[in-house]
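Residue-level structural notes
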Amino acid sequence: MNIQGISTLFFVIVLYVQNIEASNLKPLLWNIDRLRLIKQNQKHIHGVQNLILEAEKIAAQKQYISVTQKERSLSNDIHNYESLSSYYWPNTQNPNGPYIEKDGMLNPETKKDDRARLNKVSNRIMKLSLAYYLTDDIKYFNECIQQINIWFLNVDSYMYPHFKYAQIIKNSGGNKGKAHGIIDAYIMNDIIESVRLLDYIKKCDEKFIKSLQKWFEDFAIWLTTDELGIIESKQKNNHAIAYDTLLLNISLFTENYQRADSIVSNFRKKRLQVLFKKDDGSQPGEQHRTRSYYYSYYNLIHVVDWCKILQSIGINYYVNNRDIIDKAFKYVESYIDNRQSYPFQEIGNWNRICEGIKVECERLNQLATKEYSVKAFDDYYPDFYKNIYLWIK
């Protein structure tokens with residue numbers, strides 16, 4: 001199915017919306033089929049009891065995470081999301097001067113900023129929503145809703161719906177954020193999916209959903225109108241596809257289908273044909289990095305997420321664009337057992353990257369066989385049940 005214009009995607013989305021109007025929301029990105037199997041066979045699946053114990057501990061503590069909990073605000077407003085650029089470090093030759101780049105080397109200071117808090121809150125929300133799905137225990141539902149309220153909606157603790165101070169390069173540019181900081185927001189996909197899962201099990205309060213939709217719509221407006229968001233949307237690397245995937249998911253969540261149509265209609269020309277070389281599927285935008293293989297793989301996670309979201313609303317995007325997508329995957333797959341031939345720099349954990357590539361290849365197989373029963377790749381048989389982060393793949 002090729003997207004011909006606004007009416008084509010609108011037709012698909014209207015059918016999707018009509019299908020869920022009489023029921024609850026359901027996950028678009030998470031693997032709900034696997035979650036059903038886990039629920040049915042949870043006594044035999046390693047990790048379920050550990051998840052429930054973790055959720056029980058979170059629920060009992062009632063210690064919620066907020067963006068306002070930072071000790072010191074670089075922007076002088078604790079409601080602003082603030083994080084430090086991942087690969088920028090203090091300059092030992094000029095301790096009070098601008099931080100300097102060390103690509104691929106994570107500054108440990110970032111483990112204490114709002115990105116760490118956002119990652120932690122997303123993790124908590126995910127665990128609580130999954131525990132509720134598996135046990136039907138209402139306390140997990142209530143604690144999950146409360147944590148979402150604390151981060152997004154409560155007047156004393158909420159985060160402003162923008163990323164003006166994301167990935168600051170300290171002591172530079174007045175400590176303003178950078179466009180590349182918007183990648184921090186990608187984890188919000190899991191928060192949206194957690195809300196969909198909650199609503200899929202037990203209809204959420206309408207006021208809560210509407211308020212959360214408004215927050216995310218305000219964030220989407222900022223992403224598409226602020227200078228930082230516009231710069232990020234024009235990147236020629238993994239940030240561009242992450243930007244589109246997050247914005248698409250938000251647009252479907254907030255029911256802004258015109259924006260969703262525009263993103264999907266332009267994706268092949270703006271992203272796939274630009275970021276992946278036609279002859280071999282390599283990614284020039286990642287090749288200069290010290291972690292070029294990792295970021296080439298990381299970008300493909302976003303591609304699969306994009307395809308999964310669209311397949312969940314009836315658009316077989318992968319099947320109809322696999323000429324480009326398969327070639328991109330074949331490129332990174334060709335080096336799994338052939339590191340010595342990889343022509344670019346990679347300072348990270350090679351084996352861990354390769355395991356991730358295998359997982360994403362299997363996700364492509366899921367997308368291909370669901371519609372046409374034609375696998376894209378040989379089976380790698382990753383153990384999707386070994387931890388909760390793979391359950392949802």
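Preceding this paragraph is the structure being described.
This part takes up the nonpolar core. Membership of the largest hydrophobic core comes to 117 residues, with the highest contact counts inside it found for Phe-163, Met-188, Phe-219 and Tyr-293. In terms of residue count, the dominant contributor to this core is helix α11 (residues 292-312) (12 residues). The residues touching Met-188, leaving out its near neighbours within four places in the chain, are Leu-118, Phe-152, Met-159, Phe-163, Trp-215, Phe-216, Phe-219 and Leu-246.

Another aspect to go through is the layout of surface pockets. As a volume, the second largest pocket reaches approximately 490 Å³. Along its surface, the second largest pocket is lined by 24 residues, and Asn-31, Ile-32, Asp-33, Lys-308 and Lys-370 are the ones closest to its centre. Examining the composition of the lining of the second largest pocket, we find that five residues originate from one element, helix α2 (residues 32-40), more than from any other.

Once that is clear, we can look at helix α7 (residues 206-225). Taking 1.5 Å per residue as the helical rise, α7 with its 20 residues ought to reach 28 Å, and the 28 Å between its terminal C-alpha atoms agrees with that figure. For α7, the complete set of buried residues consists of Phe-208, Ile-209, Leu-212, Gln-213, Trp-215, Phe-216, Glu-217, Phe-219, Ala-220, Trp-222 and Leu-223. For α7, the secondary structure elements touched by its buried residues are α5 (138-153), α6 (188-201), α8 (227-233), α9 (238-254) and α10 (257-275).

So, about the packing of α5 against α6. Closest axis-to-axis distance for the α5/α6 pair is 11 Å, and the angle between their directions is 140°. On the basis of their axis angle, the class for α5 and α6 is oblique. Between α5 and α6 lies a crossing whose hand is left-handed. Taking contact as the criterion, the partners of Phe-141, Cys-144, Ile-145, Ile-148 and Phe-152 in α5 are, on α6, Met-188, Ile-191, Val-195 and Leu-198. Of the residues that constitute the contact of α5 with α6, the class distribution is nine nonpolar, no polar and no charged.

Thresholds, definitions, all that
Residues numbered from 1 in each chain as written. Predicted model: local features only at pLDDT ≥ 70, side-chain atom pairs only at ≥ 80, totals over all residues. Heavy atoms only, no water. Core = buried A, V, L, I, M, F, W, Y, C linked by side-chain atoms within 4.5 Å. Buried < 20%, exposed > 50% of the residue type's maximum accessible area, 1.4 Å probe, protein only. Helix = DSSP H or I, 4+ residues; strand = E, 2+ residues; numbered from the N terminus. Contact = heavy atoms within 4.5 Å. 1 Å grid on protein atoms, 1.4 Å probe; cavity = no way out; pocket = protein on both sides within 12 Å on 5 of 7 lines; lining within 4 Å. Points joined across faces, edges and corners; volume = space filled by probe spheres on them. Expected span 1.5 Å × (residues − 1). Axes fitted to C-alpha atoms, helices over the stretch in contact; angles between N-to-C directions. Parallel < 35°, antiparallel > 145°, perpendicular 65-115°, else oblique. Left-handed = near helix turned anticlockwise from the far one by under 90°. Nonpolar A, V, L, I, M, F, W, Y, C, P; charged D, E, K, R; others polar.

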